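Overview (structure and organization)
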Amino acid sequence: MSNDPTHQFLVNKIVPIEIGGIDFSFTNSSLFMVATVAVAAGFLYFTTSQRGLVPSRLQSVSEMSYEFVASMLRDGAGSHGMKFFPFVFSLFMFVLTANLIGMVPYFFTVTSQIIVTFTLALLVIGTVIFYGFFKHGFGFLKLFVPSGVPGALLPLVVSIEVISFLSRPISLSIRLFANMLAGHITLKVFAGFVASLGAFGAIGVAGSILPLLMTVALTGLEFLVSFLQAYVFAVLTCMYLNDALHPGGH
Amino acid sequence: MSVTPASAESTPFEIAQAETPADTHAAQPAGEVHTETGVAHGEEHASGVFPPFDQTTFASQVLWLAITFGLFYLLMSKLVIPRIGGILETRHDRIAQDLDEASRLKAEADAAIASYEQELASARAKGNAIASTARDEAKAKADAERAKIEASLQDKIAGAEARIAEIKAKALADVGTIAEDTTGALVEQLIGAKATKAEVASAVKTAAGE
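Residues numbered from 1 in each chain as written. Chains lettered and ligands numbered in written order. Predicted model: local features only at pLDDT ≥ 70, side-chain atom pairs only at ≥ 80, totals over all residues. Heavy atoms only, no water.

Some words on helix α2 (residues 57-77) of chain A
The terminal C-alpha atoms of α2 of chain A lie 30 Å apart, and with 21 residues this matches the ideal 30 Å at 1.5 Å per residue to within 8%. Inspection of α2 of chain A places Gln-59, Ser-62, Glu-63, Ser-65, Tyr-66, Val-69, Ala-70, Met-72, Leu-73 and Ala-77 of chain A among the buried residues, and these make up the whole buried set. Each element contacted by the buried residues of α2 of chain A is listed here: α1 (28-47), α3 (85-102) and α7 (209-245) of chain A together with α4 (58-191) of chain B. Looking at the residues trailing α2 of chain A, positive phi occurs at Gly-78 of chain A, about 75°. (Helix = DSSP H or I, 4+ residues; strand = E, 2+ residues; numbered from the N terminus. Expected span 1.5 Å × (residues − 1). Buried < 20%, exposed > 50% of the residue type's maximum accessible area, 1.4 Å probe, protein only. Contact = heavy atoms within 4.5 Å.)

Structure follows, in structure tokens:
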């Protein structure tokens, strides 16, 4: 069981809760969501408690993440997009922290659960649709009608635009989920090679050097992927919010 | 819904636990088996379903994600973002204030330099004025002195000229007398007779008148 690369994605109940026949148990997934919130919020809160005019190193990290997301949002969605800053910042920090916590051995990776990434993606698209209609009414539908397209091509272009819009939550969620899942499985498989080859004596130990090196390299890569996927998730969120803010601005 | 080797191994165990008839289990899709067993036994998630696609966990995960992410969003928007934004704004303001202060000090320094220059220029002008006044005064004094000396010299010259004229007149007057005496003596020597004074004087006068 411990060699099963998918074992790490198992959701185990810690406190069983059932409401109206639906299972709402507090699971290891819930535990690590709580841990993600605690770590991210705690870090951001306590590193900035000094409010230093000249920041300490950790305060710089918090300020850098703030300015990083702020510039990302400003570039992606313009200065009007800054009203979504708390949302994008929360998304980025949550996904990043969840990804990084998942890198600790034996820890659960919240973002390797498709339902988690899909819920976050639906939240993003829901915000886009809600705000788009709230702000522009039916003018939001101009999003699907790019300007300067000849009339004959319009039905085709509009249907492509609609399909691409509908596929956004799927691509957004699967991108993050699949990256985290595949990375963790790969790590587990290569690490498993090290252990199982080591059982075959001296030759096995010698042969396990290569997968060990691979594991080390992949660990580095996975840290990069953890950051990159959080960044990609946030950048795409900014771009989608831009559509809600400026539907005609293709 | 891939069936991993590990979950395949665990299937007999799971059947025993779930008390599902073996033939029913074989006929059912893996997901459905799981749904039955998952509710009954928490540990049975390693059934035929690939763990991340195990739908029995979805409701719980969505709920807890909503709770935790909602809480996180609140913490971020109410606490952390205003704080970091405040820190950055304070720093920005402070830098702007320092720059303002620096430019104010620079303006002050410029003003001080300008007033120094002005002071210097006025001092130089004053010095020049004093010097030229002194020069003018000295010149006026010298002129007055010279004029006075010239006047006194003029007086002296006039006095001397008057004396010279007097002496000359006297001398000229003496010349007439000498001429008369000489003429009288010459006449006496030449003709042996004494000419009268009046005759000699009129003769001299006639000769001098020519």
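Some thoughts on the nonpolar core
Residues Phe-85, Val-88, Phe-89, Leu-120 and Phe-233 of chain A together with Phe-72 and Met-76 of chain B are the most contacted members of the largest nonpolar core, which totals 62 residues. At the level of elements, α1, α2, α3, α4 (114-136), α5 (154-198) and α7 of chain A together with α4 of chain B are the ones that each hand at least two residues to this core. When sequence neighbours within four positions are dropped, the list of residues in contact with Phe-89 of chain A reads Leu-44, Ser-65, Tyr-66 and Val-69 of chain A together with Met-76, Val-80 and Ile-81 of chain B. Among the nonpolar cores identified, the runner-up in size contains five residues, and Phe-9, Ile-114 and Phe-177 of chain A together with Phe-50 of chain B belong to it. (Core = buried A, V, L, I, M, F, W, Y, C linked by side-chain atoms within 4.5 Å.)

Points about the UniProt feature "transmembrane region" (unreviewed entry) in chain B
UniProt's feature table lists "transmembrane region" (unreviewed entry) at residues 62-81 of chain B, given in the numbering used throughout. Regarding residues 62-81 of chain B, the helix share stands at 100% and the strand share at 0%, and the terminal C-alpha atoms are separated by 25 Å. (UniProt positions renumbered as here; feature names shortened; annotations may be inferred.)

A word on the side chain of Arg-91 of chain B
Residue position: Arg-91 of chain B is located in helix α4. Of note is the side chain of Arg-91 of chain B, whose polar atom sits 2.8 Å from the side chain of Glu-63 of chain A. If we ignore the near neighbours within four places in the chain, the residues touching Arg-91 of chain B are Gly-52, Leu-53, Pro-55, Gln-59 and Glu-63 of chain A. (Polar contact = N/O pair within 3.5 Å; in protein donor to acceptor, adjacent residues only side chain to side chain.)

Brief notes about the pattern of salt bridges
All names here are of chain B. Enumeration over the complete set of coordinates arrives at nine salt bridges over all chains. Arg-146 is the partner of Asp-143 in a salt bridge, and the nearest nitrogen-oxygen pair spans 3.7 Å. Within this pair, Asp-143 and its partner Arg-146 are both found in helix α4, separated by three residues, close to a single helical turn. A single network of salt bridges, built from pairs that share partners, joins Glu-101, Arg-104 and Glu-108. (Salt bridge = Lys/Arg side-chain N within 4 Å of Asp/Glu carboxyl O.)

Overview of the interface of chain B and chain A
Listed per partner, the contact involves 40 residues of chain B and 53 residues of chain A. In total, about 4200 Å² of surface goes out of reach between chain B and chain A, with carbon and sulfur atoms giving 76% of it. Looking only at chain B, the three residues that lose the most surface to chain A are Gln-61, Phe-69 and Arg-83 of chain B, adding up to 16% of its buried area. Taken together, chain B and chain A are joined by one salt bridge. For Arg-91 of chain B, the salt bridge is made with Glu-63 of chain A, and the minimal N-O distance between the two is 2.8 Å. Inspection of the region where chain B meets chain A yields 11 residue pairs in polar contact (both at pLDDT 80 or more). Contributing elements (two or more residues each) for the side of chain B that touches chain A: α3 (30-40) and α4 of chain B. Looking at the side of chain B that touches chain A residue by residue, the class counts come to 25 nonpolar, 12 polar and three charged. (Buried area = accessible area lost by both parts, 1.4 Å probe. Nonpolar A, V, L, I, M, F, W, Y, C, P; charged D, E, K, R; others polar.)

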